[in-house]
Amino acid sequence: YLHDTLESVKKAGLDEKQLMKEIEEISLKALEYVKALTHDKDKEDYKEYIRRVAKNRVLRIIKICDMIDNVTETPTEKQKIKYKEGFKILLKEGLK
């Protein structure tokens, strides 16, 4: 679909280089978010990870959605306990 976007930009007489620059910036930001949301269990315990993620509004929202998805079906007792604490941290930070 991206190729359609470029074709539409050309037809509309818009700046293709500017569009490509914006797509690159968005892609880099998305990669930053993916990296920031990746939990390296060897370097950071779960609460530290959640506190770090909670500091950024976008990451906080993404993590909350991810956690909701993870507990929607049949969460284990371990997940329930873990995510309960995680939700508390994320939501508390969001209320500041």
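Residues numbered from 1 in each chain as written. Predicted model: local features only at pLDDT ≥ 70, side-chain atom pairs only at ≥ 80, totals over all residues. Heavy atoms only, no water.

A. Structural detail: the overall build of the protein. Scanning the protein for helices and strands turns up five helices and zero strands. Traced from its N-terminal end to its C-terminal end, the protein shows the element sequence α-α-α-α-α. In terms of overall dimensions, the protein is more spread out than a globule: its C-alpha atoms have a radius of gyration of 19 Å, far above the 12 Å expected for 96 residues. By its C-alpha atoms, the protein is 55 × 30 × 25 Å across when sized along the principal axes. The proportion of buried residues among the 96 residues of the protein is 21%. (Helix = DSSP H or I, 4+ residues; strand = E, 2+ residues; numbered from the N terminus. Rg over C-alpha atoms; globule rule 2.2 N^0.38 Å. Buried < 20%, exposed > 50% of the residue type's maximum accessible area, 1.4 Å probe, protein only.)

B. Structural detail: the side chain of Glu44. Following the sequence through the fold, Glu44 ends up in the loop between helix H2 (16-37) and helix H3 (46-54). Separated by 2.9 Å, the side chains of Glu44 and Arg52 make a polar contact. When residues no more than four places from it in sequence are discounted, the contact partners of Glu44 are His39, Tyr49 and Arg52. (Polar contact = N/O pair within 3.5 Å; in protein donor to acceptor, adjacent residues only side chain to side chain. Contact = heavy atoms within 4.5 Å.)

C. Fine view of a negative patch on the surface. The grouping of Asp15, Glu22, Glu24 and Glu25 at the surface amounts to a negative patch. Of note, Glu25 is situated in helix H2. Classification of Glu25 by relative accessible area gives partly exposed; the value is 44%. (Patch = residues over 30% accessible without salt bridge, like charges linked within 9 Å, V, L, I, M, F, W, Y side chains within 5 Å. Areas by Shrake-Rupley, 256 points an atom, 1.4 Å probe, with all protein chains shown as cover. Salt bridge = Lys/Arg side-chain N within 4 Å of Asp/Glu carboxyl O. Lys, Arg positive; Asp, Glu negative; His and termini not counted. Charge placed at Lys NZ, Arg CZ, Asp CG, Glu CD.)

D. Fine view of the packing of aromatic side chains. For the structure on display, the rule yields one aromatic pair. Measuring from ring centre to ring centre gives 6.3 Å for Tyr46 and Tyr49, while their planes differ by 50°; the resulting arrangement is tilted. In this pair, Tyr46 and Tyr49 are both assigned in helix H3, three residues apart and thus about one turn of the helix distant. When its relative accessible area of 15% is taken as the criterion, Tyr46 is described as buried. (Phe/Tyr/Trp six-rings, centres within 6.5 Å; stacked < 30°, edge-to-face > 60°.)

E. Structural view of a positive patch on the surface. On the surface, Lys47, Arg51, Lys84, Lys88 and Lys92 cluster together to form a positively charged patch. Breaking the positive patch down by element, the ones donating at least two residues are H3 and helix H5 (77-94). In terms of residues, the positive patch owes the most to one element, H5, which gives three residues. Of note, Lys84 is situated in helix H5. Judged by relative accessible area, which is 53%, Lys84 ranks as exposed.

F. Region of the structure containing H5. Its 18 residues place the ends of H5 26 Å apart at the C-alpha level, agreeing with the 26 Å of an ideal helix rising 1.5 Å per residue. Of the positions making up H5, those classed as buried are Tyr83, Gly86, Phe87, Ile89 and Leu90. Contacts from the buried residues of H5 go to H3 and helix H4 (57-72). (Expected span 1.5 Å × (residues − 1).)

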